[in-house]
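# Working through the structure, step by step
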Amino acid sequence: MDIEVAELSAKVVVLEDEVDSLQRENARQLLMLKEKDGIIQELSSASRDQILPVDHHYGFVMVLCAFTVQFTVLGGINSFGVFMDEFRTDSDLGRPSDSMLSVVVSIANGLTPAVGCFSGSLSDRIGPKPIQTAAGITLGAGLVVSSYCRSYPAFLVSFGMILGVAGGCTIAPGLAAIGNWFEHRRALAYGFVYAGSGAGTTLVPLLSRYLLDLEDDENEWRRPFRWLALFLAVPACVAGLVIRRRTPCIAHEPDSHLSLREIVTNRVIIVLFFVGMGYAWAFFSIIVYTVSYAQSFGEKPYENRTPIGDSSAAFLLSIFGAMSTVGSAIWGELARRLGVRRMFKVASLSTAVLMAAWPFCGSYALLACFAACSGFAIAGCVTCFPALAAEYFAGPQLGAIIAIVFLGFGIGSLAGPPATGFLAEAMDGEYTLAFLTCAAGLIMSFALVHFCLPLDECPAELLSPVADNMNRVSFTPASYNHGTDENRNRDTEAELVPSEGESQLSSYVTAEASHKYSRDRVTKEACSEATTLMHTRGGAMYTV
């Protein structure tokens, strides 16, 4: 009898060691599940203690940094129109026409998403700090070099290409860094970041106009360019030096990455690519044609409408920019409370309705109301769009993925305004068909999000190893009773039977994966319930 007791005691010790090992494995899997990006799964415990929690208030310091970089860089690019009169009368530049000058700013806007594909991927590897700092340095260098240009081709390269590189180093790295800091408040954080773009578009042109007014020579634009470089590059560089990820960039296993082929062929990324293209078509058409549409009042085919002065028409764009700044923060909070997908659909559908009503705004008051409402509504699309990408791909490659989906946004920004202008010219200056086309692009974005994107999801492959481990054990040290025949028999047979809670977990994950969704994915609600079940084993609660 004593020998049998000793043998059973030895088996109990072995089984308890196995239980402890399985608990550690489950804790590791839970850590991967909660972090989702898997970045800290291989960090030492000492390094892990230095990582701030998700949604920590210090993350809003990073939001302020990303806001500052977007404010300065994108504000500097969008202030180009303030200098148009000076460019047209500059003999050294060859007195370029409006179409020639529009090529310059189009190159800058087009290079922004193209360069973002590389800067986003690079920031995933080395972090956002050097990339965001490079954006500020490149911005200052582009403005200073442009101020010394004595020919149109040199000006085209210095402003269009150099500032395009600065813009490309701004958006994707900053958004990827912010997405690493937040989960529940991610959409709100993105809203504040994008408010920087709207605020820069509103305020930096005013600063540019003020610097021009200080010059004695009304055609002098070179010195204001240099002052602008100083005022914008310095805060951008400071913000770039401060911004960082919540978790450090570390080496990952090869199978933890999506290859380039997997990224470009991923269904969700393809859908988001065309979603960005659809709403960017309307977004940039509003920016480009708000003023020109108002200036066409009093002329054919709008000769029956009251003419609007140039300054009043230009003020419409300021209204649009101000409301988009306010809207970015409000939409971010709404998305946090009500969901990113839902708010994007509301914003895109609302903007589509406004675009369809735009041709029928026959007075300045109605145009001002349209500018305010459309600026507020389209801000919801701009704010929720990167948050959509982060909902599905919040991991170590978020920067590269955001950059790729923003490439569709860039194509829409390049193709939308010229196509809108072509349709207006084909209709003898009548904008109805052109604006309805923009509304159709927004409806396309709405339909793609509603019908083609899966619901908020969590990779089932993060759950399956945990479920497999859970199915191997059913008792805990807290609930184990050495004196019962049932446990003694189980020890003798050295066989571990799944408990009721563990069986529920396994069946729940399997049912969710097979019946509710395809492609081996389950909902975040399933992840949450599965996490609860993983914590509860045979009536005992574990702390991970």
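Quick notes on the rules
- Residues numbered from 1 in each chain as written.
- Predicted model: local features only at pLDDT ≥ 70, side-chain atom pairs only at ≥ 80, totals over all residues.
- Heavy atoms only, no water.
- Helix = DSSP H or I, 4+ residues; strand = E, 2+ residues; numbered from the N terminus.
- Buried < 20%, exposed > 50% of the residue type's maximum accessible area, 1.4 Å probe, protein only.
- Contact = heavy atoms within 4.5 Å.
- Areas by Shrake-Rupley, 256 points an atom, 1.4 Å probe, with all protein chains shown as cover.
- Phe/Tyr/Trp six-rings, centres within 6.5 Å; stacked < 30°, edge-to-face > 60°.
- Expected span 1.5 Å × (residues − 1).
- Axes fitted to C-alpha atoms, helices over the stretch in contact; angles between N-to-C directions.
- Parallel < 35°, antiparallel > 145°, perpendicular 65-115°, else oblique.
- Left-handed = near helix turned anticlockwise from the far one by under 90°.
- Nonpolar A, V, L, I, M, F, W, Y, C, P; charged D, E, K, R; others polar.
- 1 Å grid on protein atoms, 1.4 Å probe; cavity = no way out; pocket = protein on both sides within 12 Å on 5 of 7 lines; lining within 4 Å.
- Points joined across faces, edges and corners; volume = space filled by probe spheres on them.
- Salt bridge = Lys/Arg side-chain N within 4 Å of Asp/Glu carboxyl O.
- Patch = residues over 30% accessible without salt bridge, like charges linked within 9 Å, V, L, I, M, F, W, Y side chains within 5 Å.
- pLDDT = per-residue confidence, 0-100.

Here we come to the overall build of the chain. Per the secondary structure count, the chain includes 21 helices and four strands. Across the 544 residues in the chain, those meeting the buried criterion constitute 53%. Taking all contacts inside the chain whose residues are at least 6 apart in sequence as the whole, residues at least 24 apart take part in 83%. Put simply, the chain shows about 23,900 Å² of open surface, and 62% of that area lies on carbon and sulfur atoms.

Before going further, it helps to spend a moment on the packing of aromatic side chains. Evaluated as defined, the whole model comprises 33 aromatic pairs. Between Phe159 and Phe225, the ring centres sit 6.1 Å apart and the planes meet at 35°, which makes this aromatic pair tilted. In this pair, Phe159 sits in helix H7 (residues 152-168) while Phe225 sits in helix H10 (residues 222-242), placing the two residues 66 residues apart along the sequence. Its relative accessible area of 1% is what places Phe225 among the buried residues. Put simply, the rings of Tyr289, Tyr293, Phe297, Tyr302, Trp358, Phe370, Tyr431 and Phe435 pair up and form one aromatic cluster.

Turning our eyes to something else, we now look at H7. Here H7 is 17 residues long and its end C-alpha atoms lie 23 Å apart, about the 24 Å a rise of 1.5 Å per residue gives. For H7, every residue scored as buried is listed here: Tyr152, Phe155, Leu156, Ser158, Phe159, Gly160, Leu163, Gly164, Ala166, Gly167 and Gly168.

Positionally, Gly76 belongs in helix H3 (residues 59-78). Gly76 sits in the buried class, given a relative accessible area of 1%. Residues Gly76 and Leu228, 152 residues apart in the sequence, show an inter-C-alpha distance of 8.0 Å. Apart from residues lying up to four places away in sequence, Gly76 is in contact with Phe71, Phe159, Val204 and Leu232.

Turning to the packing of helix H14 (residues 340-357) against helix H15 (residues 364-393), a few remarks are in order. Running from N to C, H14 and H15 cross one another at 150°; their axes reach a closest spacing of 8 Å. The pairing of H14 with H15 is recorded here as roughly antiparallel in orientation. Where H14 crosses over H15, the handedness of that crossing is left-handed. Of the residues that constitute the contact of H14 with H15, the class distribution is 16 nonpolar, five polar and two charged.

Looking now at the packing of H3 against helix H6 (residues 128-147). Their axes nearest at 10 Å, the elements H3 and H6 cross at an angle of 25°. Our classification of the angle between H3 and H6 gives roughly parallel. As for how H3 packs across H6, the hand of that crossing is left-handed. Packed against H3, whose contacting residues are Ala66, Val69, Thr72 and Val73, the element H6 presents Gln132, Ala135 and Leu139 at the interface. Here the contact of H3 with H6 is composed, by residue class, of five nonpolar, two polar and no charged.

Moving on to empty space enclosed by the protein. Per the stated rule, a full pass over the model turns up two cavities of 30 Å³ or more. Roughly 30 Å³ of internal volume is contained in the second largest cavity. Looking at the second largest cavity, the residues that line it are Thr290, Leu316, Trp358, Leu367, Phe370 and Ala371. The greatest single-element share of the lining of the second largest cavity, amounting to three residues, is contributed by H15. When the residues that make up the lining of the second largest cavity are grouped by side-chain class, the tally is five nonpolar, one polar and no charged.

With that settled, the discussion passes to the pattern of salt bridges. Per the stated rule, a full pass over the model turns up eight salt bridges. One salt bridge in this structure joins Asp92 and Arg222, with 3.8 Å as the shortest N-O distance. Linking Asp92 in the loop between helix H4 (84-88) and helix H5 (98-126) with Arg222 in helix H10, this pair joins segments that are 130 residues apart in sequence. For the salt bridge of Glu215 with Arg223, the shortest nitrogen-to-oxygen distance reads 2.5 Å.

With 21 residues, H10 extends 31 Å from end C-alpha to end C-alpha; this agrees with the ideal 30 Å at 1.5 Å per step. For H10, the set of buried residues is Arg222, Pro224, Phe225, Leu228, Ala229, Leu232, Ala233, Ala236, Cys237, Ala239 and Gly240.

Our focus in this paragraph is a nonpolar patch on the surface. On the surface, Val61, Trp227, Leu230, Phe231, Val234, Val238, Leu241 and Val242 cluster together into a nonpolar patch covering about 690 Å² of accessible area. For the nonpolar patch, the element with the most residues is H10, which contributes seven residues. Note that Val242 resides in helix H10. In this structure Val242 comes out as partly exposed when scored by relative accessible area, which is 37%.

What follows concerns the environment of Ile77. Its place among the elements puts Ile77 in helix H3. As for Ile77 and Thr201, which are separated by 124 residues in sequence, their C-alpha atoms are 8.5 Å apart. Residue contacts for Ile77: discarding those within four places in its chain leaves Val105, Ala108, Asn109, Phe159, Leu163 and Gly167.

Another point: the confidence of the model for the chain. Note: predicted coordinates in regions of low pLDDT should not be interpreted at a detailed level. When pLDDT is averaged across the chain, the result is 74; 72% of the residues are at 70 or more. Low confidence marks residues 36-49, where pLDDT is under 50. Its contacts with residues over four positions away, or in another chain, come to 30 contacts. Of the regions scoring below 50 in pLDDT, residues 249-256 engages in 11 contacts with residues more than four places distant in sequence or in other chains.

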